[in-house]
Amino acid sequence: MTNTVQAYSYAGPSTLVGDRLGLATSGGRTATGLAGRPRFFSGVVTQAAPAAAALLAVADVALARYHQPRAAGSGRTRDPVITCDGERLRLESFSACGGVYARLDLLGAALDGEVFDRGATNVDVNGPLREALARVGGRDPLHLGVGADELAVTTLNGAVVEKKVPLPERWLRGFAEVQVIASGFDLRAEPAGMAAVRFLRGLPKKATAGVWVVPSGRELRVTTAPARGAVCLAGVGRLATLHPLLRFATKLRVYGPAVQDQVVSSAWELELPGMRYTLVLSPQAWRGFSGEGAVLADLSGDDAEADADVIGMLLNFEPTVETGLLADRSGLTPARVRAALTQLGTAGKVGYDLAEAGHFHRELPYDREHVETLNPRLAAARALVAAGSVRLAGSGTARVTTGGGVYEVGLETGSCTCPWWFDRRGSRGPCKHVLAARIAVHDTEGALR
C-alpha cells in the first residue's frame, strides 16, 4: 500500500469557546475558484447537543481502525471533509482501516445564517476541540463559523497550524467505491423512536459479530442467516458511533442491496433534529472498500474520461446532481452520465446521498490523474489489451493470455476461468481479464463505426 501526503494549512486551530464553534478550513476548491482557507458559513446551528455529538462521531470514525485496532494515540488524524452547497453542510470521513464511511448532513432546518461561498475543504478537528464537543449539552443554539471570520480572528490568535498527513491509496479509493456501492442500495427498514433505540442497544455485544437484520412489523430482528428483505450487518461494533446519538434520534433508516447468499455492504442512517448521520459499512469488518471493484466496469469504457470532462464542467456544488438534467445539458445518454459520475467519483468530485437517492458535488483533495494508479486492476487490464493478449472468440466469449495461462471470459455474465474470479465469483467487481475483454470489445466496436 502506498501513501500520498496531504498537507493541511489552517489559519489556527478549530475552537469551541462557550457556545461559539469556529471550524478552521484548509485549502480547497469553491464555486469562485481555489481558496487557501475558504469561508463558507457563519450563523447558528439550531440545536447544539445533537450537532456537537454528531460532529464528534464523524471525527471518531476518522480515527478508528475497526480491524486490528491499535492503541489509543497510535493512529494518524485525518481531518473530515466539509462541503457547503448553499443549502446544507456535509461533513465526511473514512475510517483508518478503510471499511467505514461516515457523513453528517446539517440540513437547512438546522442552520440559520449567511452562506459566503460553496465548495469543499478539510476542517481541523483537534484534541482540545474533541474534548470540548464531548461536553456540549442541552438543545440551545450553537454559533458556528466555518472558515475565518470575526469569531476566528478573536479566538485563534493568528496562529497558523500545519498538518502533514499520509493518506493511504486504499482510503482514497474507498470514497470512490462507496458512492457507487451506495447507489445500488434500497431502503429496507425504517424503525422510529424507541424501536430504533431498542434494536441498536440489543445488538450482540461482541464487536466482530456478523448478523443479518430483517424487518418484523415496526421492529427489527436479528438472524444468523440471510432471508427475504434482510440486510447484512458485518462487525456490529462498527455501529458504535451511533450510540451517543440515540438520545436525539427520531428514526433509523437501514439500506442495502437485494438479499444475497453472500455478505454485502449496508448503510445505517440516523435522523436527528435537522440533520442526518450516515454510516456505510463494508461487507466484512476486515475488508476495506478499496478492493470492492464497483467502479471498474464504468471506468473501463474509453468514453468515461472524456465524458467526465463534460459533466465536470456542469457541476457547481449543487445540493443534488440530477442525472436526467445532466443528460439533457450534455447531450449524453443517462448511462454515459452515470459512468462519467463514477469517473468523477474516483477523483473525489461526487458522493451519493441515500436519503435523497442522488449524487452530490464535492471535491476531495486529490487529483483525477491518480485514477489508474488507484485502480491497479484497470491499469493491468489496459496493459493486457495493449500487449495484444485478448482474442475475441465469438459466441460472447474472449480468451485472455497471461503468464499464468489462458483464461476464458464470458462477456455477458462477466465470468472468468481465472483463480481470482473463481474465489470471489464477481463479489469484488470484475477481474482484470474481464475488464480487458470488455475494453477490447469497445475498441473493436469503435473501429467499426
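Residues numbered from 1 in each chain as written. Predicted model: local features only at pLDDT ≥ 70, side-chain atom pairs only at ≥ 80, totals over all residues. Heavy atoms only, no water.

Trp268 and Tyr277 are the most contacted members of the largest nonpolar core, which totals 64 residues. Among the elements that take part in this core, helix α1 (residues 48-63) stands out by supplying 11 residues, more than any other. (Core = buried A, V, L, I, M, F, W, Y, C linked by side-chain atoms within 4.5 Å. Buried < 20%, exposed > 50% of the residue type's maximum accessible area, 1.4 Å probe, protein only. Helix = DSSP H or I, 4+ residues; strand = E, 2+ residues; numbered from the N terminus.)

Gaps left between atoms are located by rolling a probe of water-molecule size over the structure's atoms. One pass over the structure, following the stated rule, counts 3 cavities of 30 Å³ or more. For the largest cavity, the calculated volume is near 90 Å³. Mapped onto the lining of the largest cavity, the elements with two or more residues apiece are β3 (20-23), α1, β8 (89-94), β9 (100-106) and β12 (142-146). For the lining of the largest cavity, the per-class residue count stands at 14 nonpolar, no polar and no charged. (1 Å grid on protein atoms, 1.4 Å probe; cavity = no way out; pocket = protein on both sides within 12 Å on 5 of 7 lines; lining within 4 Å. Points joined across faces, edges and corners; volume = space filled by probe spheres on them. Nonpolar A, V, L, I, M, F, W, Y, C, P; charged D, E, K, R; others polar.)

Moving on: the pattern of salt bridges. Pairing between side chains becomes possible if they bear opposite charge and their charged atoms approach one another. The final tally for this structure, using the stated rule, is 22 salt bridges. Put simply, Arg276 and Asp105 hold a salt bridge, and the shortest N to O gap is 3.9 Å. Linking Arg276 in strand β20 (residues 275-281) with Asp105 in strand β9, this pair joins segments that are 171 residues apart in sequence. Exposure class is identical for Arg276 and Asp105. Each is buried. A salt bridge links Arg276 to Asp353, with the shortest nitrogen-to-oxygen separation between them at 3.3 Å. Pair noted here: Arg276 is in strand β20 and Asp353 is in strand β21 (residues 350-353), with a separation of 77 residues, a long-range link. On the accessibility criterion, Arg276 (10% relative accessible area) is buried. On the accessibility criterion, Asp353 (1% relative accessible area) is buried. Three or more residues joined by partner-sharing salt bridges are found here, namely Asp85, Glu87, Arg88, Arg90, Arg103, Asp105, Arg276, Asp353 and Glu356. (Salt bridge = Lys/Arg side-chain N within 4 Å of Asp/Glu carboxyl O.)

What follows deals with the pairing of strand β16 (residues 219-223). Note that strand β15 (residues 210-216) and β16 share 5 bridges and pair antiparallel. Counterpart to Trp212 in the pairing with β16 is Thr223. Counted between consecutive antiparallel strands, the loop separating β15 from β16 contains 2 residues, among which Gly217 sits at a positive phi close to 65 degrees. (Pairing = 2+ DSSP bridges.)

Take the packing of aromatic side chains next. The tally for this structure, following the rule as stated, stands at 3 aromatic pairs. Relative to Tyr101, the ring of Phe94 lies with its centre 6.0 Å away and its plane at 55 degrees, an arrangement referred to as tilted. Summarising the burial analysis for this pair, Phe94 and Tyr101 share the class buried. Geometrically, the ring pair formed by Phe199 and Trp268 is stacked, given 6.1 Å between the ring centres and 10 degrees between the ring planes. Of this pair, Phe199 sits in helix α5 (residues 193-201) while Trp268 sits in strand β19 (residues 266-272), and the two are 69 residues apart along the sequence. Across this residue pair, the class does not change: Phe199 and Trp268 are buried. One cation-aromatic arrangement involves Arg39 over Phe116; the distance from NZ or CZ to the ring centre is 3.7 Å. Arg90 extends its terminal NZ or CZ atom over the ring of Phe360, reaching a point 4.0 Å from the ring centre. (Phe/Tyr/Trp six-rings, centres within 6.5 Å; stacked < 30°, edge-to-face > 60°. Lys NZ or Arg CZ within 6 Å of the ring centre and 35° of its normal.)

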